[in-house]
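Here's the letter readout for the chains.
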Amino acid sequence: MLDDKIEYIKSIDGFKPETAVILGSGLGGLADEAEIIAKIPYSALDGFPVSTAPAHKGELILGRLGNKDVALFNGRVHLYEGYTPQQVVMPIRLAKAIGAENVIITNASGGINKTFNTGDFMLINDHISFFIPSPLIGKNDEKLGPRFPDMSCIYDKQLRTLAKRAAVNNAIDLKEGVYAQLTGPQFESPAEIKALASLGADAVGMSTVVEAIAAKHCGLRILGISLIANLACGLLDKPLTSEEVVKAADDAAPKFKAMITEIVKNI
Ligand code: HPA
(Lines give C-alpha, C1' and ligand atoms only; values in the text may rest on other atoms or scores of the structure.)
Protein backbone atom coordinates (compact mmCIF):
# COMPACT_ATOMS: atom_id res chain seq x y z
CA MET A 1 0.00 0.00 0.00
CA LEU A 2 1.31 3.43 -0.94
CA ASP A 3 4.86 2.16 -0.62
CA ASP A 4 6.51 4.99 -2.55
CA LYS A 5 4.77 7.68 -0.46
CA ILE A 6 5.61 5.88 2.77
CA GLU A 7 9.26 5.75 1.73
CA TYR A 8 9.13 9.43 0.74
CA ILE A 9 7.65 10.46 4.10
CA LYS A 10 10.13 8.33 6.03
CA SER A 11 12.99 9.85 4.04
CA ILE A 12 12.16 13.46 5.00
CA ASP A 13 15.27 14.54 6.86
CA GLY A 14 14.79 14.54 10.62
CA PHE A 15 10.99 14.12 10.39
CA LYS A 16 9.65 11.50 12.83
CA PRO A 17 5.94 11.92 13.52
CA GLU A 18 5.21 10.48 16.96
CA THR A 19 1.56 11.47 16.72
CA ALA A 20 -1.06 11.52 13.97
CA VAL A 21 -4.26 13.53 14.28
CA ILE A 22 -7.45 12.82 12.35
CA LEU A 23 -9.32 16.11 12.08
CA GLY A 24 -13.10 15.86 12.27
CA SER A 25 -15.89 17.92 10.73
CA GLY A 26 -14.95 21.60 10.67
CA LEU A 27 -11.95 21.04 12.95
CA GLY A 28 -9.35 21.29 10.18
CA GLY A 29 -8.27 24.75 11.37
CA LEU A 30 -5.71 23.02 13.58
CA ALA A 31 -3.64 22.60 10.43
CA ASP A 32 -3.09 26.40 10.39
CA GLU A 33 -1.27 26.13 13.72
CA ALA A 34 1.32 23.73 12.32
CA GLU A 35 4.64 24.65 10.78
CA ILE A 36 4.23 22.85 7.48
CA ILE A 37 6.96 20.61 6.09
CA ALA A 38 4.92 19.00 3.30
CA LYS A 39 1.30 18.82 2.17
CA ILE A 40 0.06 15.81 0.23
CA PRO A 41 -3.47 15.84 -1.21
CA TYR A 42 -5.24 12.51 -0.67
CA SER A 43 -5.68 12.33 -4.45
CA ALA A 44 -1.90 11.96 -4.74
CA LEU A 45 -1.87 8.97 -2.37
CA ASP A 46 -2.41 5.82 -4.45
CA GLY A 47 -5.68 4.11 -3.66
CA PHE A 48 -6.46 6.62 -0.91
CA PRO A 49 -10.13 7.60 -0.56
CA VAL A 50 -10.87 11.26 -1.23
CA SER A 51 -13.05 13.25 1.23
CA THR A 52 -16.37 14.43 -0.16
CA ALA A 53 -18.01 15.52 3.12
CA PRO A 54 -18.66 19.20 3.96
CA ALA A 55 -15.75 20.93 5.76
CA HIS A 56 -13.32 18.05 5.09
CA LYS A 57 -10.33 19.13 3.00
CA GLY A 58 -8.64 15.87 2.11
CA GLU A 59 -4.94 16.43 2.60
CA LEU A 60 -2.17 14.99 4.69
CA ILE A 61 -0.09 17.66 6.38
CA LEU A 62 3.35 16.76 7.66
CA GLY A 63 4.62 19.37 10.03
CA ARG A 64 5.49 20.52 13.52
CA LEU A 65 2.94 21.34 16.19
CA GLY A 66 3.77 22.17 19.82
CA ASN A 67 7.42 21.51 18.90
CA LYS A 68 6.66 17.92 17.86
CA ASP A 69 6.57 16.27 14.45
CA VAL A 70 3.00 15.42 13.50
CA ALA A 71 0.97 13.96 10.65
CA LEU A 72 -2.34 15.79 10.37
CA PHE A 73 -5.05 14.13 8.33
CA ASN A 74 -7.06 17.19 7.37
CA GLY A 75 -10.39 15.67 6.39
CA ARG A 76 -11.50 12.09 6.86
CA VAL A 77 -13.67 9.81 4.78
CA HIS A 78 -16.85 8.23 6.09
CA LEU A 79 -18.81 5.04 5.45
CA TYR A 80 -21.74 7.14 4.21
CA GLU A 81 -19.64 8.44 1.31
CA GLY A 82 -19.74 4.91 -0.05
CA TYR A 83 -16.27 3.89 1.07
CA THR A 84 -15.60 0.49 2.59
CA PRO A 85 -14.52 0.26 6.24
CA GLN A 86 -11.08 -0.78 4.96
CA GLN A 87 -10.82 2.42 2.90
CA VAL A 88 -12.03 4.54 5.81
CA VAL A 89 -9.16 3.28 7.98
CA MET A 90 -6.39 3.87 5.41
CA PRO A 91 -5.22 7.07 7.17
CA ILE A 92 -4.81 5.09 10.41
CA ARG A 93 -2.76 2.41 8.69
CA LEU A 94 -0.69 5.03 6.87
CA ALA A 95 -0.02 6.75 10.21
CA LYS A 96 1.28 3.45 11.58
CA ALA A 97 3.36 2.80 8.45
CA ILE A 98 5.16 6.15 8.72
CA GLY A 99 6.09 5.49 12.33
CA ALA A 100 3.40 7.18 14.43
CA GLU A 101 2.85 5.69 17.88
CA ASN A 102 -0.20 7.73 18.92
CA VAL A 103 -3.31 8.78 17.10
CA ILE A 104 -5.69 11.50 18.19
CA ILE A 105 -9.08 10.91 16.58
CA THR A 106 -11.43 13.90 16.64
CA ASN A 107 -15.00 14.35 15.50
CA ALA A 108 -18.16 16.38 15.84
CA SER A 109 -21.09 14.56 17.38
CA GLY A 110 -24.60 14.86 18.72
CA GLY A 111 -24.83 14.94 22.51
CA ILE A 112 -27.13 12.32 24.05
CA ASN A 113 -26.14 12.73 27.71
CA LYS A 114 -28.53 15.30 29.15
CA THR A 115 -25.77 17.05 31.12
CA PHE A 116 -23.96 17.98 27.87
CA ASN A 117 -24.29 21.33 26.10
CA THR A 118 -23.59 22.33 22.52
CA GLY A 119 -19.93 23.37 22.29
CA ASP A 120 -18.73 20.97 25.01
CA PHE A 121 -15.85 18.62 24.33
CA MET A 122 -16.16 14.96 25.33
CA LEU A 123 -13.21 12.73 26.03
CA ILE A 124 -14.15 9.36 24.56
CA ASN A 125 -13.61 6.67 27.20
CA ASP A 126 -15.22 3.80 25.28
CA HIS A 127 -17.34 3.17 22.22
CA ILE A 128 -20.22 1.18 20.77
CA SER A 129 -19.58 -0.43 17.38
CA PHE A 130 -22.73 -2.60 17.00
CA PHE A 131 -24.18 -0.55 14.16
CA ILE A 132 -21.21 -0.48 11.81
CA PRO A 133 -19.20 -3.11 9.96
CA SER A 134 -15.79 -3.90 11.46
CA PRO A 135 -12.79 -2.76 9.39
CA LEU A 136 -11.17 -6.06 10.40
CA ILE A 137 -13.63 -8.29 8.53
CA GLY A 138 -11.83 -10.37 5.90
CA LYS A 139 -8.41 -11.96 5.81
CA ASN A 140 -6.30 -10.76 8.72
CA ASP A 141 -2.94 -9.19 7.95
CA GLU A 142 -0.83 -10.68 10.74
CA LYS A 143 1.85 -8.07 10.07
CA LEU A 144 -0.64 -5.40 11.18
CA GLY A 145 -2.16 -7.11 14.20
CA PRO A 146 -3.90 -10.17 15.64
CA ARG A 147 -7.05 -11.83 14.25
CA PHE A 148 -8.98 -11.22 17.48
CA PRO A 149 -7.69 -7.98 19.02
CA ASP A 150 -8.57 -7.11 22.59
CA MET A 151 -10.88 -4.10 23.02
CA SER A 152 -10.95 -3.89 26.83
CA CYS A 153 -9.20 -0.52 26.90
CA ILE A 154 -9.38 1.13 23.48
CA TYR A 155 -8.77 4.74 24.51
CA ASP A 156 -5.39 5.01 26.24
CA LYS A 157 -5.57 5.91 29.95
CA GLN A 158 -2.32 7.91 29.99
CA LEU A 159 -3.42 9.96 26.98
CA ARG A 160 -6.78 10.58 28.66
CA THR A 161 -4.97 11.93 31.73
CA LEU A 162 -2.90 14.20 29.47
CA ALA A 163 -6.06 15.45 27.77
CA LYS A 164 -7.75 16.19 31.11
CA ARG A 165 -4.71 18.21 32.20
CA ALA A 166 -4.67 20.14 28.89
CA ALA A 167 -8.37 20.90 29.32
CA VAL A 168 -7.85 22.31 32.82
CA ASN A 169 -4.91 24.45 31.63
CA ASN A 170 -7.07 25.89 28.84
CA ALA A 171 -10.18 26.45 31.01
CA ILE A 172 -12.13 23.77 29.13
CA ASP A 173 -14.80 21.82 31.01
CA LEU A 174 -14.01 18.48 29.35
CA LYS A 175 -16.87 16.00 29.60
CA GLU A 176 -16.28 12.25 29.32
CA GLY A 177 -18.32 9.41 27.90
CA VAL A 178 -19.15 6.68 25.43
CA TYR A 179 -19.36 7.41 21.70
CA ALA A 180 -21.57 5.39 19.36
CA GLN A 181 -20.94 5.35 15.60
CA LEU A 182 -23.77 4.86 13.11
CA THR A 183 -23.21 4.86 9.38
CA GLY A 184 -25.30 7.95 8.58
CA PRO A 185 -25.68 9.99 6.43
CA GLN A 186 -29.15 10.60 7.85
CA PHE A 187 -29.24 11.98 11.36
CA GLU A 188 -30.87 9.67 13.89
CA SER A 189 -34.57 9.56 14.75
CA PRO A 190 -35.77 10.37 18.30
CA ALA A 191 -36.47 6.66 18.90
CA GLU A 192 -32.93 5.76 17.83
CA ILE A 193 -31.50 8.33 20.25
CA LYS A 194 -33.61 6.90 23.10
CA ALA A 195 -32.36 3.43 22.19
CA LEU A 196 -28.74 4.61 22.09
CA ALA A 197 -29.16 6.32 25.48
CA SER A 198 -30.46 3.11 26.99
CA LEU A 199 -27.43 1.27 25.55
CA GLY A 200 -25.14 3.67 27.40
CA ALA A 201 -24.09 6.07 24.64
CA ASP A 202 -23.33 9.67 25.63
CA ALA A 203 -22.74 10.96 22.09
CA VAL A 204 -23.43 9.78 18.56
CA GLY A 205 -21.70 10.38 15.25
CA MET A 206 -20.75 8.95 11.88
CA SER A 207 -17.03 8.28 12.34
CA THR A 208 -14.21 7.39 14.71
CA VAL A 209 -15.16 3.89 15.88
CA VAL A 210 -14.01 2.09 12.71
CA GLU A 211 -10.79 4.09 12.90
CA ALA A 212 -10.27 3.34 16.59
CA ILE A 213 -10.77 -0.40 15.97
CA ALA A 214 -8.13 -0.36 13.21
CA ALA A 215 -5.78 1.73 15.36
CA LYS A 216 -6.12 -0.65 18.31
CA HIS A 217 -5.57 -3.61 15.97
CA CYS A 218 -2.24 -2.22 14.75
CA GLY A 219 -1.05 -1.18 18.21
CA LEU A 220 -1.42 2.60 18.12
CA ARG A 221 -2.21 4.43 21.37
CA ILE A 222 -5.54 6.19 20.87
CA LEU A 223 -7.04 9.41 22.19
CA GLY A 224 -10.59 10.29 21.10
CA ILE A 225 -12.05 13.77 21.46
CA SER A 226 -15.53 14.68 20.34
CA LEU A 227 -17.03 18.12 19.96
CA ILE A 228 -20.69 18.12 20.97
CA ALA A 229 -21.85 20.10 17.94
CA ASN A 230 -25.58 19.80 18.68
CA LEU A 231 -27.92 18.04 21.06
CA ALA A 232 -29.02 14.75 19.51
CA CYS A 233 -32.32 14.40 17.70
CA GLY A 234 -35.38 14.64 19.91
CA LEU A 235 -33.61 16.42 22.78
CA LEU A 236 -34.72 19.77 21.39
CA ASP A 237 -37.86 20.37 19.39
CA LYS A 238 -36.11 21.31 16.15
CA PRO A 239 -34.62 19.63 13.08
CA LEU A 240 -30.84 19.04 12.78
CA THR A 241 -28.72 20.45 9.97
CA SER A 242 -25.12 19.92 8.87
CA GLU A 243 -24.70 23.74 8.84
CA GLU A 244 -25.17 23.90 12.60
CA VAL A 245 -22.54 21.19 13.03
CA VAL A 246 -20.01 23.18 10.97
CA LYS A 247 -20.88 26.40 12.85
CA ALA A 248 -20.39 24.72 16.23
CA ALA A 249 -17.00 23.45 15.05
CA ASP A 250 -16.00 26.95 13.90
CA ASP A 251 -17.01 28.41 17.26
CA ALA A 252 -15.08 25.73 19.14
CA ALA A 253 -11.95 26.01 16.97
CA PRO A 254 -9.82 28.25 19.26
CA LYS A 255 -10.30 25.99 22.31
CA PHE A 256 -9.88 22.86 20.21
CA LYS A 257 -6.59 24.09 18.72
CA ALA A 258 -5.20 25.09 22.13
CA MET A 259 -6.14 21.79 23.75
CA ILE A 260 -4.83 19.54 20.96
CA THR A 261 -1.60 21.53 20.59
CA GLU A 262 -0.92 21.15 24.31
CA ILE A 263 -1.68 17.42 24.22
CA VAL A 264 0.64 16.87 21.24
CA LYS A 265 3.40 18.86 22.97
CA ASN A 266 3.17 16.76 26.14
CA ILE A 267 2.83 13.32 24.59
N1 HPA B 1 -25.77 12.66 14.83
C2 HPA B 1 -24.84 12.03 14.10
N3 HPA B 1 -23.72 12.60 13.72
C4 HPA B 1 -23.49 13.86 14.09
C5 HPA B 1 -24.42 14.58 14.86
C6 HPA B 1 -25.62 13.95 15.25
O7 HPA B 1 -26.49 14.52 15.94
N8 HPA B 1 -23.88 15.82 15.06
C9 HPA B 1 -22.68 15.82 14.44
N10 HPA B 1 -22.43 14.64 13.85
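Model, not experiment: these values are computed from the prediction.

How each quantity is defined
- Residues numbered from 1 in each chain as written.
- Predicted model: local features only at pLDDT ≥ 70, side-chain atom pairs only at ≥ 80, totals over all residues.
- Heavy atoms only, no water.
- Helix = DSSP H or I, 4+ residues; strand = E, 2+ residues; numbered from the N terminus.
- Rg over C-alpha atoms; globule rule 2.2 N^0.38 Å.
- Buried < 20%, exposed > 50% of the residue type's maximum accessible area, 1.4 Å probe, protein only.
- Contact = heavy atoms within 4.5 Å.
- Lys, Arg positive; Asp, Glu negative; His and termini not counted.
- Charge placed at Lys NZ, Arg CZ, Asp CG, Glu CD.
- Core = buried A, V, L, I, M, F, W, Y, C linked by side-chain atoms within 4.5 Å.
- Near = heavy atom within 4 Å.
- Polar contact = N/O pair within 3.5 Å; in protein donor to acceptor, adjacent residues only side chain to side chain.
- Areas by Shrake-Rupley, 256 points an atom, 1.4 Å probe, with all protein chains shown as cover.
- 1 Å grid on protein atoms, 1.4 Å probe; cavity = no way out; pocket = protein on both sides within 12 Å on 5 of 7 lines; lining within 4 Å.
- Sits in = over half its atoms within 2 Å of the grid points.
- Nonpolar A, V, L, I, M, F, W, Y, C, P; charged D, E, K, R; others polar.
- Phe/Tyr/Trp six-rings, centres within 6.5 Å; stacked < 30°, edge-to-face > 60°.
- Patch = residues over 30% accessible without salt bridge, like charges linked within 9 Å, V, L, I, M, F, W, Y side chains within 5 Å.
- Salt bridge = Lys/Arg side-chain N within 4 Å of Asp/Glu carboxyl O.

Colleague: How do you make sense of the overall build of the protein when you look at a structure like this?
Modeller: Helix and strand counts for the protein come out as seven helices and nine strands. In terms of overall dimensions, the protein is globule-like: its C-alpha atoms have a radius of gyration of 17 Å, near the 18 Å expected for 267 residues. In the protein, which comprises 267 residues, the share counted as buried stands at 57%. Counting contacts in the protein only where the partners sit at least 6 residues apart, residues at least 24 apart contribute 82% of the total. The averaged location of the 31 negative side-chain charges in the protein is 4 Å from the averaged location of its 27 positive side-chain charges.

Colleague: Honestly, the nonpolar core in this entry has me stumped. Any pointers?
Modeller: Most often, soluble globular proteins have nonpolar side chains that are buried together. Grouped together as the largest cluster of nonpolar side chains are 47 residues, with contacts concentrated most on Leu60, Leu62, Phe73, Ile92, Leu94 and Val103. Counting residues per element, this core draws most heavily on helix α6 (residues 209-217), at six residues. Excluding anything up to four places from it in sequence, Val103 contacts Ala20, Ile22, Ile92, Ala215, Leu220, Arg221, Ile222 and Leu223.

Colleague: Got a minute to help me understand the site of the ligand in this structure?
Modeller: Every residue lining the ligand is accounted for by Ala108, Ser109, Gly110, Phe187, Glu188, Val204, Gly205, Met206, Asn230, Leu240 and Val245. The contact in question runs from a nitrogen atom of the ligand to an N or O atom on the side chain of Glu188, over 2.8 Å. Between the ligand and Asn230, the relevant distance is 2.6 Å, taken from a nitrogen atom to a side-chain nitrogen or oxygen of the residue. Computed on the free molecule, the ligand has an accessible area of 260 Å², of which 95% lies beneath the protein chains in the complex. Spatially, the ligand is embedded in the largest pocket. Elements with a contribution of two residues or more to the shell around the ligand: β5 (102-111) and β8 (203-205). Residue composition of the shell around the ligand, grouped by class: six nonpolar, four polar and one charged.

Colleague: Help me understand the packing of aromatic side chains in this model?
Modeller: Geometry of an aromatic ring pair is reported as the spacing of the ring centres plus the angle between the planes. Using the criterion set out here, one finds three aromatic pairs in the structure. Taking the centre distance of 6.2 Å and the plane angle of 25° together, the rings of Phe121 and Phe256 count as stacked. With Phe121 in strand β6 (residues 121-128) and Phe256 in helix α7 (residues 242-266), the pair connects residues that are 135 residues apart, well separated along the chain. Across the pair, Phe256 and Phe121 agree in class, each one buried.

Colleague: How should I be thinking about a nonpolar patch on the surface in this particular structure?
Modeller: A cluster of nonpolar residues, Phe130, Phe131 and Leu199, forms a patch on the protein surface that exposes about 330 Å² of accessible area. Exposure remark for Phe131: the relative accessible area of 39% places this residue in the partly exposed category.

Colleague: Help me understand the pattern of salt bridges in this model?
Modeller: Where charged atoms from two side chains of opposite charge approach closely, those side chains can pair. According to the stated counting rule, one finds eleven salt bridges in the structure shown. Linking Arg76 and Glu211 is a salt bridge whose minimum nitrogen-to-oxygen distance equals 2.9 Å. Taken together, the residues span a long stretch of sequence, with Arg76 in the loop between β4 (68-74) and α2 (85-88) and Glu211 in helix α6 at a distance of 135 residues. Owing to a relative accessible area of 2%, Arg76 belongs among the buried residues under this scheme. Here Asp251 makes a salt bridge to Lys247, at a shortest N to O gap of 2.7 Å. One end of the pair is Asp251 and the other is Lys247, both in helix α7 and four residues apart, which spans about a single turn. Each of Asp120, Asp173 and Lys175 takes part in a single network of salt bridges with overlapping partners.

Worth remembering: the numbers are spatial, not functional.
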